[in-house]
Amino acid sequence: MRQAILPASDQPRKGAGRPTKDQAEARNSELLDAALAHFLDRGYEHATIEAIATSVNMTKRTVYAKFTDKASLFLAAVSRAIERVMVPGAALGAIDRSQLEPSLVAVARLRLRHLLTDEGQMLQRIINTESYRFPQIANEAFVRGAGPIIDFVAQQLRRHSPAGSVAHDRSEFAASAFMSMVVGGPVRMVATGMALSQSEIDERIVYTVRLFVEGAGTG
């Protein structure tokens, strides 16, 4: 009986042994990065496992050993991208200020710094184009990405706003509105190709924070 010949990329290398945990994780990250770029370039419908595997010198069999189908690979790639643009809890704790306005300015800068990266913009485009097919990705992006930020802002509003004010009594609603004002605008502008310098972004943040503080009765 003839012995099956493995594809070159799947044949064990002499003396190489099994990859270490770090090596395996690095290869998996490489695969997910390539998958995200391919899904964005081709769209989910026209993307193929074969093309993604080829781009990172893997075989389809290797990819299918990790992910059962194209949908599971797509969701894993998007989930990893969401994780990478999340603001860490420790970073939120580090920007907690003794006054409201400096805290709001700091959290807006922090969130935009994550979202306006190339990866942040790529993720936003993927969510915009594919959430009708996979609504769970928009929900995950909100829960893991926006949710902690809104909770932080709501906490700041309850701490610093007078009782009876809109910001104090409806802090979560006010926090959500604030983030839409201060983050949504610059993200949409950059997504449509408009270049914003850091000084322009900072100017918009400071102006929006002042407008919100005065309008919500927190000042």
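Keep in mind that this is a model prediction, so the values were computed, not measured. (Residues numbered from 1 in each chain as written. Predicted model: local features only at pLDDT ≥ 70, side-chain atom pairs only at ≥ 80, totals over all residues. Heavy atoms only, no water.)

A word on the overall build of the protein. Looking only at helices and strands, one finds 11 helices and zero strands in the protein. For the protein, the succession of helices and strands along the chain, N to C, is α-α-α-α-α-α-α-α-α-α-α. The C-alpha radius of gyration computed for the protein amounts to 22 Å, which surpasses the reference 17 Å derived for 219 residues by more than 25%, pointing to a less compact arrangement than a globule. Once the C-alpha set of the protein is aligned to its principal axes, its extents read approximately 85 × 35 × 30 Å. Looking at the 219 residues of the protein, the share that counts as buried comes to 40%. Across the protein, every contact between residues at least 6 apart in sequence was considered, and the portion connecting residues at least 24 apart equals 71%. Within the structure as shown, the protein displays about 12700 Å² of accessible surface, and the carbon and sulfur contribution to it stands at 53%. Averaging the locations of the 26 positively and 23 negatively charged side chains of the protein gives two centres separated by 6 Å. (Helix = DSSP H or I, 4+ residues; strand = E, 2+ residues; numbered from the N terminus. Rg over C-alpha atoms; globule rule 2.2 N^0.38 Å. Buried < 20%, exposed > 50% of the residue type's maximum accessible area, 1.4 Å probe, protein only. Contact = heavy atoms within 4.5 Å. Areas by Shrake-Rupley, 256 points an atom, 1.4 Å probe, with all protein chains shown as cover. Lys, Arg positive; Asp, Glu negative; His and termini not counted. Charge placed at Lys NZ, Arg CZ, Asp CG, Glu CD.)

Interhelical geometry of helix 10 (residues 171-191) versus helix 11 (residues 198-215) gives an angle of 155 degrees and a closest axis separation of 11 Å. By the angle between their directions, the pair helix 10 and helix 11 is classed as roughly antiparallel. The two elements helix 10 and helix 11 cross, and the hand of that crossing is right-handed. Across from A174, F178, M181, V182 and M189 in helix 10, the residues of helix 11 making contact are R204, I205, T208, V209, L211 and F212. In the contact of helix 10 with helix 11, the residues fall into nine nonpolar, one polar and one charged. (Axes fitted to C-alpha atoms, helices over the stretch in contact; angles between N-to-C directions. Parallel < 35°, antiparallel > 145°, perpendicular 65-115°, else oblique. Left-handed = near helix turned anticlockwise from the far one by under 90°. Nonpolar A, V, L, I, M, F, W, Y, C, P; charged D, E, K, R; others polar.)

Bringing helix 10 into the picture now. Spacing of three or four residues puts side chains on the same side of an α-helix, whose turn is 3.6 residues. When the terminal C-alpha atoms of helix 10 are compared, their 29 Å separation across 21 residues agrees well with the 30 Å that a helix rising 1.5 Å per residue should span. The largest bend in helix 10 comes to about 35 degrees, at G184, with the proline P186 one to four residues further on. By the burial criterion, the buried members of helix 10 are S171, A174, A175, F178, M179, V182, V183, G184, G185, P186, V187 and M189. Next to the buried residues of helix 10 lie helix 6 (100-115), helix 7 (118-130), helix 8 (135-160), helix 9 (166-169) and helix 11. Once helix 10 ends, the next one or two residues include G193, with phi positive near 100 degrees. (Expected span 1.5 Å × (residues − 1). Bend = angle between axes of the 7 residues up to and from the residue.)

Turning our attention to the environment of A76. If you trace the backbone, A76 turns up in helix 4 (residues 70-85). Given the relative accessible area of 23%, A76 is considered partly exposed. Residues A76 and A24, 52 residues apart in the sequence, show an inter-C-alpha distance of 16 Å. When near neighbours in sequence (up to four residues on either side) are disregarded, A76 contacts L32 and F67.

Here we come to the packing of aromatic side chains. Applying the stated rule across the entire model yields six aromatic pairs. When the centroid spacing of 5.4 Å and the interplanar angle of 75 degrees are considered together, the rings of Y44 and F74 count as edge-to-face. On the criterion of sequence distance, the pair formed by Y44 in helix 1 (residues 21-46) and F74 in helix 4 is long-range, its members being 30 residues apart. F74 matches Y44 in its accessibility class, with the two residues each being buried. Grouped by ring-pair contacts, the aromatic residues F39, Y44, F74 and F134 constitute a single cluster. Lying over the aromatic face of Y44, K70 brings its terminal NZ or CZ to 4.5 Å of the ring centre. Across from the ring centre of F173, 4.5 Å away, lies the NZ or CZ of R170, which sits over that ring. (Phe/Tyr/Trp six-rings, centres within 6.5 Å; stacked < 30°, edge-to-face > 60°. Lys NZ or Arg CZ within 6 Å of the ring centre and 35° of its normal.)

What follows deals with the side chain of S171. Locating S171 in the fold gives a position in helix 10. In this structure, S171 is in contact with A154, L157, R158 and V166, ignoring residues within four places of it in sequence.

A word on the nonpolar core. V153 and F178 are the most contacted members of the largest nonpolar core, which totals 35 residues. Mapped onto this core, the elements with two or more residues apiece are helix 6, helix 8, helix 10 and helix 11. The dominant element in this core, judged by the number of residues it contributes, is helix 6, at nine residues. Not counting residues up to four positions away in its chain, the partners in contact with V153 are L104, V107, A175, F178 and M179. (Core = buried A, V, L, I, M, F, W, Y, C linked by side-chain atoms within 4.5 Å.)

Honestly, that's just the spatial picture; any functional story needs more than this.
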